[in-house]
Amino acid sequence: MTIPRMRTITETIAEIKAIDPMTAVTPNCIRTLCKNGKIRCVFTGKKLLVDLDDLFKYFSGSQG
């Protein structure tokens, strides 16, 4: 069993920018994907934790 890499939206954007500094992905884009159930996430109070690996799968087109 692997533990998912859960990140806040700010941390998620930082991870993406480390890979691609010119990314067009915005915090609002990630929030929308979570609210529409496109990627796995957890709402904890006011924080939204994003499954980083699931987000990468979504953008790579390999999500089932």
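These notes cover the structure that comes with them. (Residues numbered from 1 in each chain as written. Predicted model: local features only at pLDDT ≥ 70, side-chain atom pairs only at ≥ 80, totals over all residues. Heavy atoms only, no water.)

## Regarding the packing of helix H1 (residues 9–19) against helix H3 (residues 52–60)
Here H1 crosses H3 at 50°, and the two axes come no closer than 11 Å. Judged on the interaxial angle alone, H3 and H1 are oblique. As H1 packs across H3, the resulting crossing turns out to be right-handed. Of the residues in H3, those touching H1 at Thr12, Glu15, Ile16 and Ile19 are Leu52, Leu55 and Phe56. Class assignment for the residues of the contact of H1 with H3 results in 5 nonpolar, 1 polar and 1 charged. (Axes fitted to C-alpha atoms, helices over the stretch in contact; angles between N-to-C directions. Helix = DSSP H or I, 4+ residues; strand = E, 2+ residues; numbered from the N terminus. Parallel < 35°, antiparallel > 145°, perpendicular 65-115°, else oblique. Left-handed = near helix turned anticlockwise from the far one by under 90°. Contact = heavy atoms within 4.5 Å. Nonpolar A, V, L, I, M, F, W, Y, C, P; charged D, E, K, R; others polar.)

## Looking at the sheet that holds strand E2 (residues 41–44)
With antiparallel pairing, 3 strands are arranged side by side in an open sheet as E1-E3-E2. Across the chains shown, the open sheet's two edge strands, defined by having one partner strand only, are strand E1 (6–7) and E2. Contacting E2 and strand E3 (47–51), helix H2 (residues 27–35) runs over the sheet at an angle of about 85° to E3. (Pairing = 2+ DSSP bridges.)

## Quick notes on the pairing of E2
By the bridge criterion, 4 bridges tie E2 to E3 in an arrangement that is antiparallel. Across the sheet, Cys41 pairs through a bridge with Val50, a residue of E3. Once E2 ends, the chain turns through 2 residues before running back antiparallel as E3, passing Gly45 with a positive phi of about 65°.

## Observations concerning the pairing of E3
In terms of strand pairing, E1 meets E3 through 2 bridges, oriented antiparallel. Bridged to Arg7 within E3 is Val50.

## Re H2
Since the α-helix turns once every 3.6 residues, residues separated by three or four places project in the same direction. Inspection of H2 places Ile30, Leu33 and Cys34 among the buried residues, and these make up the whole buried set. Taken around the axis of H2, the buried residues stretch over an arc of 100°, which confines them to a single face. Of the residues flanking the end of H2, it is Gly37, one or two places downstream, whose phi is positive at about 75°. (Buried < 20%, exposed > 50% of the residue type's maximum accessible area, 1.4 Å probe, protein only. Arc of directions from axis to C-beta.)

## Remarks on the side chain of Thr12
Note that Thr12 resides in helix H1. Judged by its relative accessible area of 0%, Thr12 is buried. From its side chain, Thr12 meets the backbone oxygen of Thr8 in a polar contact 2.8 Å long. Residues contacting Thr12, with those up to four places away along its chain left out, are Arg7, Ile30, Val50, Leu52 and Leu55. (Polar contact = N/O pair within 3.5 Å; in protein donor to acceptor, adjacent residues only side chain to side chain.)

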